[in-house]
Amino acid sequence: MTGNTPSREQADQPHPSGDERFGVIDKHLKRARYAQDQLIETLHVAQDVFGFLDEGILIYVARALRLPPSLVYGVATFYQLFTFDPPGQHTCTVCTGTACFVKGADEIVAAVGEAYGISAGTTTEDGILTLKTARCLGSCGLAPVVLLDGEVNGREGVESVLAEVAVAVESPTVIAAA
């Protein structure tokens, strides 16, 4: 073996940082038999575990799958659902697909953004709330749809979303679903 690429046996060892979350990624890699065509799924697992992807995680995945880091980075930056910034304690994702847009999703995004001083794709300075948009959440019959801390809320309006977000951010700390 050459370079810094770990062997399959080395990948079975605990991560040098001691962070047990890497163990979840390792279990996935074992189940996937370290197949390079499992890159996107592996990135999903890593983001689910860490809440976001950073350079260290991308390098870890690249080495484990024996892929060039540039390829892993290229895939991770190509797909909008991967994020490189830590999420806030609470996450509000507003569907902006056609049905939701027609029923006022853009007004919901604008109102939440204005109320918390952020724009879509950003997190408040205090790390409490992340505001995201999604092209489609697959619940068009419930438009407009808002995903708040992983819970789907349908037929939402500006006032109801603002009230729900206010309750969430004032509640005890919850690690938001990505």
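Counting from 1, residues in each chain are numbered in the order their sequence is written. With pLDDT at 70 or above as the cut-off, local features in this predicted model cover only qualifying residues; side-chain atom pairs require 80 or more to be listed or tallied, and sums for whole chains, interfaces and linings still use all residues. Water and hydrogen atoms play no part in the side-chain values, which are based on all heavy atoms of the structure.

(A) Structural context of the confidence of the model for the protein. Confidence of the predictor in every single residue is expressed as pLDDT, which spans 0 to 100. With 89% of its residues at a pLDDT of 70 or more, the protein shows a mean pLDDT of 90. Helix and strand labels come from DSSP, where a helix needs a run of H or I of at least four residues and a strand needs a run of E of at least two; each type is numbered from the N terminus. Here helix α1 (residues 8-11) stands out as the element of the protein with the lowest mean pLDDT, 53, in contrast to helix α7 (residues 105-116), whose mean of 98 is the highest. Residue contacts follow a heavy-atom distance rule, with two residues in contact if any of their heavy atoms lie within 4.5 Å. Ignoring residues within four places in sequence, the model shows residues 1-6, a span with pLDDT below 50, making nine contacts including any to other chains.

(B) A look at the layout of surface pockets. Each pocket or cavity is described by its volume, and for the largest pocket that value is around 660 Å³. Cavities and pockets were defined on a 1 Å grid built over protein atoms only: a cavity is a set of grid points that admits a 1.4 Å probe from which the probe cannot escape, a pocket is an open set flanked by protein on both sides within 12 Å along at least five of seven lines, and lining residues are those with an atom within 4 Å of any such point. Around the largest pocket, the lining is made up of 27 residues, and of these Q80, L81, F82, K132 and T133 lie nearest the centre. For the lining of the largest pocket, the secondary-structure elements that each account for two or more residues are α3 (39-50), β2 (122-123) and β3 (129-134). In terms of residues, the lining of the largest pocket owes the most to one element, β3, which gives four residues. Amino acids outside the nonpolar list (Ala, Val, Leu, Ile, Met, Phe, Trp, Tyr, Cys, Pro) and the charged list (Asp, Glu, Lys, Arg) are all regarded as polar, and Gly is one of them. Grouping the amino acids of the lining of the largest pocket by side-chain chemistry returns twelve nonpolar, eleven polar and four charged. Grid points are joined across faces, edges and corners, and a volume is the space filled by probe spheres set on the points.

(C) View of the pairing of strand β1 (residues 90-95). In terms of burial, β1 is a largely internal element, six of the six residues being buried. Summary of the burial criterion: residues with accessible area below 20% of their type's maximum are buried, those above 50% are exposed, and those between are partly exposed, where the area comes from a 1.4 Å probe applied to protein chains only. Of the two faces of β1, the one holding H90, C92 and V94 and the one holding T91, T93 and C95 are both buried throughout. Here, any two strands with at least 2 DSSP bridges between them count as paired. Two strands pair when backbone bridges link them, and β1 and β3 are joined in this way by six bridges, in the parallel orientation. What sits directly across from V94, in β3, is T133. Sheet analysis places β1 next to strand β4 (residues 146-148), joined by three bridges and oriented antiparallel. Counted as the bridge partner of C92 is L148 from β4.

(D) Representation of helix α5 (residues 69-78). Those residues of α5 that fall on the buried side of the exposure criterion are V72, V75 and A76. Each buried residue of α5 sits inside an arc of 95° when the element is viewed along its axis, so together they form one side. Across from the buried face of α5, at angles greater than 90 degrees, the exposed residues are S70 and F78. Considering only its buried residues, α5 is in contact with α3 and α4 (55-65). The arc refers to the directions leading from the helix axis to the C-beta atoms.

(E) Looking closely at the sheet that holds β4. Strand order in the open sheet made by the five strands is β2-β3-β1-β4-β5, with mixed pairing throughout. Edge strands, defined here as strands with exactly one partner in the open sheet, are β2 and β5 (151-153). Examined bridge by bridge, β4 and β5 share three bridges and lie antiparallel to one another. Residue pairing in the sheet places L147 in a bridge with V152 of β5. Seen against the sheet, α7 touches β1, β3 and β4 and runs at an angle of roughly 165° to β3. Axes, fitted as lines to C-alpha atoms, cover a helix only where it is in contact. Angles between the N-to-C directions of the axes lie from 0 to 180 degrees.

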